[in-house]
Amino acid sequence: MALALGLAAFPARAGTSRLWGADGEAWDERGRLPDFSYAGYRGGGAPLPEAPVVVNVRDFGAVGDGMTDDTDAFLAAIDAAADGAILVPAGRYLITEILRIGKSRLVLRGEGSAASGSVLYIPRSLSDVLGPAEQWSWSGGFLWVDPGAAGTALTEVTAGASRGDRTLRVAGNGTLAPGQLVSLRLTDDGTGSLGRHLHAEQSEAGDCSYMVPLVLDWPVRVAQVQDDLVELAQPLRNEVRLAWTPEIHALPALEEVGIEHLRIEFIETPRPPHNMEPGYNGIAFTNGVVDSWVRDVAIVNADSGIFTEGLVKNVTLRQIELGGRGGHHGFAVSLSSDVLVEEFVVNGSWRHALTVTHRSNGTVYARGSGDQTLSLDHHGDVPFESLFTEIGPYDYASSGSDCTRPHAGARNTYWNLDAPMQAPLLWASIQTNAIGELAAIDSMTDENEWFENVGDIEPANLYEAQLGRRICGEVFNACNRGTFDAEAGVCVQEPRKDGTPCDGEDPDEQGHACRAGECVSSDDGGGCGVAAPRKPGSLWALLIAALGLGARAAGARDGRRASSASAAPGTLR
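Definitions and limits used
- Residues numbered from 1 in each chain as written.
- Predicted model: local features only at pLDDT ≥ 70, side-chain atom pairs only at ≥ 80, totals over all residues.
- Heavy atoms only, no water.
- Buried < 20%, exposed > 50% of the residue type's maximum accessible area, 1.4 Å probe, protein only.
- Helix = DSSP H or I, 4+ residues; strand = E, 2+ residues; numbered from the N terminus.
- Arc of directions from axis to C-beta.
- Disulfide = S-S within 2.5 Å.
- Pairing = 2+ DSSP bridges.
- Core = buried A, V, L, I, M, F, W, Y, C linked by side-chain atoms within 4.5 Å.
- Contact = heavy atoms within 4.5 Å.
- Phe/Tyr/Trp six-rings, centres within 6.5 Å; stacked < 30°, edge-to-face > 60°.

Hey, could you go over helix α1 (residues 71-80) for me, with residue numbers and the actual values?
Within the sequence span of α1, burial applies to Thr71, Ala73, Phe74, Ala77 and Ile78. One side of α1 holds all its buried residues, which, seen down the axis, span an arc of 165 degrees. Facing away from the buried surface of α1 by more than 90 degrees, the exposed residues are Asp72 and Asp79.

Set out below in C-alpha cells:
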C-alpha cells in the first residue's frame, strides 16, 4: 500500500528544526530525534580505504572478451588474494557462477562502472545456479559476501539500561576486550513487551512465525572493559530489560570487504511477476559483514540490486546506479544496523526502491534520485530509527506480509525530501519525524507524530550535520558549520547559505547576514567568518593546521557532491 498526498505545501517558516537547531544546540540525545551519525564505514568516522592491489584476474586466466567464461579465473583470484585488492582491468567478463567472498580485508576493484569500464556480464539467475526458490525474490546475490560462521554467547547482562546509555553491567568480562565486535541479543519474554517497546509502547509487533518470540540482535564494538562494566562504542537505540534475557554474543564478522568501480550487467529479460523473480540479483552482504563498502558500482537489468541482511553493521553503499528494466528491490536493508546508502541513482521502475525491514535500525538513505518515483518502502517487522534525507522524487510505500505489520517501528525520520513532503500518516502514532516543506499542517506532539514545516531548512542533510557535530566539535560559527569529510578524513568549514542572519554574534551587527561564510552588513562591514577553535588537543585541528588539509577536503567534498542473522524464507516481500 502506498500513501501519497497530492496537496500543496502548507506555509513553512524558513530556518531550522526545533528538534535540532542550527548546530544541534536544540537536540536531546535521548529524545525523539535519533543520532544517525554512526551509519556507514567505521561509524562514519573514516574515509573508505584504498587497498593495494595484490592480484590481477588476468593473471589467473581471465580474458574479458564477453564470450570466454571467466568465472574460474575470478574464483581462483579470490582464493589466492589476501589483505588487498583484486584488480579487474577494463573489459567484459562472462560470469556464470556466484562469486563468494568469505575472508576479511579483500576488495574486488574494477576500473570504472561505465559500459567501457570493468563489466561483469551475468546471463544466469540464482535459480539457474542454485535451483528455483521463492527466496531469490528477496535475498542472495552473484557477488555474495558472507563469513559462514555463527557466534556464541559470551556473557549475560545483569542490569537493565536505558536508551542512550553506553554502559552495560555483565556477569563476566574475561572474553571481552576493547575494539571487539559483539552482538547484544534481546529475546522477548512471551508478553510482547520487546515489540511494544520498539514501537514506542504504542503498538504490538507482528505475529509471523519467525517473529515469535521476537529477537533483536544489535552488533556493536566494545570501547572499554573495567571489572563488570562494558562500555559500548555508541549509545543504545533501545532499552535493555532483564526480562528480555540480555546476552552478549561473539560476532565472527568479515571486515574491510569492498566492491568498487565495477559494472554488473544481467541478461535482458522481461520483468517477472512480483515474488516470482528468479534471482538476477547483484550484491548481498549477509550474516555478519562489518566496516565494508560498495562504491561506484552500476547494476543493470537486475531483479534486485543490493541486499544487507543479518548482523550487517557499518556498511557504506555510495555512488550506486541501478538501471535497465527495473525490478523488485533496489536496495533492501534487513536485520542490519547503521547502513549508509548515499549519492545513489535508481532509474527504471522498482517495486521497492529503498527498503527498510526486519528490525533494521540506524539506516540512512541520503542524497538519492531517479528518473521515476522512488518508493520509500517500510516492509514491516519493526524497522526503526531510519533516516531518509535529500531524496526525490519519492512516495511512501508500505509492503511486506500482513503478519509483519505495523509497517515500521519508532522514530523513523524524513528530513528535507523533495517538497512538498508527504507526511507518512500511516506511522503517525509511532513517533514519526517529518521535517521540511510539508504537504500537511504542523503537528508536533511529545509522544506521537512530529510534523514540522520548515522551508529551505538548514542543515539540508541531517546525517552530515550529526556526523559533523559528533566528530568535529566546535568548528563552526554564525556563518560556517563544521563538517566531517569522510572521504578526506578531516573536519572542514562549510559556509551556511547566503542570507542566513548572523546578528547573534554581536548586538551591534543588527541587519547582518552571511555571504560566502562571512557575516556582513549592507555596506559589507563587520565580520564573523573566523572559525571557532577546536577543543584543546584536537587531532583534527592539528591535522588541518599543520598539513593544510582543509582546502583539499573541501575540494573533495565539492567533487563528490557533483557525482551523482538472515530472515526466514518468505519474510521479505
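An account of the state of the cysteines is needed here, citing residue identities and associated values.
Applying the stated criterion across every chain, the model contains four disulfides. Here Cys479 connects covalently by a disulfide to Cys514, the sulfurs 2.1 Å from one another. Because the torsion about its S-S bond is -85 degrees, the bridge between Cys479 and Cys514 counts as left-handed. Of this pair, Cys479 sits in the loop between α4 (462-472) and β33 (480-485) while Cys514 sits in strand β35 (residues 513-515); the two residues are 35 residues apart in sequence, bridging distant segments of the chain. What connects to what in the protein, once the bonded cysteines are numbered by sequence position, is 1-2, 3-5, 4-7, 6-8.

So, the pairing of strand β14 (residues 215-226): which residues are in play, and what are the values?
Here strand β13 (residues 181-187) runs beside β14; their pairing, made up of seven bridges, is antiparallel. Paired with Leu186 across the two strands is Leu216, which belongs to β14. Pairing analysis gives four bridges linking β14 to strand β15 (residues 229-232), with the strands arranged antiparallel. Within β15, the residue paired with Val222 across the bridge is Leu232.

Tell me about the nonpolar core, and please be specific about residues and values.
In this structure, Ile283, Phe331, Tyr365 and Ile391 are the most contacted members of the largest nonpolar core, which totals 77 residues. The dominant element in this core, judged by the number of residues it contributes, is strand β21 (residues 304-323), at seven residues. Ignoring anything within four residues of it in the chain, the contact list for Ile283 reads Gly141, Leu143, Ile259, Ile264, Val294, Val297, Ile299, Gly305, Ile306 and Phe307. Within the second largest apolar cluster, 25 residues are counted, among which are Leu194, Val240, Ile248 and Phe384.

Can you explain the packing of aromatic side chains? Please cite residues and give values.
Applying the stated rule across the entire model yields 13 aromatic pairs. Here the aromatic rings of Tyr396 and Tyr414 are separated by 5.2 Å at their centres, their planes lie at 85 degrees, and the arrangement is edge-to-face. Placement of Tyr396 in strand β28 (residues 394-398) and of Tyr414 in strand β29 (residues 413-415) is noted, with a sequence separation of 18 residues between them. Grouping residues by exposure puts Tyr396 and Tyr414 together as buried.

Residue-level account of the pairing of strand β20 (residues 289-300), with values.
Extensive coverage of β20 is indicated by the burial of 11 of its 12 residues. One ladder, built from seven bridges, connects strand β18 (residues 258-266) with β20; its direction is parallel. Along β20, the bridge assignment pairs Leu262 with Val297. Strand direction decides the pairing type here: β20 and β21, joined by nine bridges, are parallel. Bridge pairing links Ala298 to Glu321 in β21.

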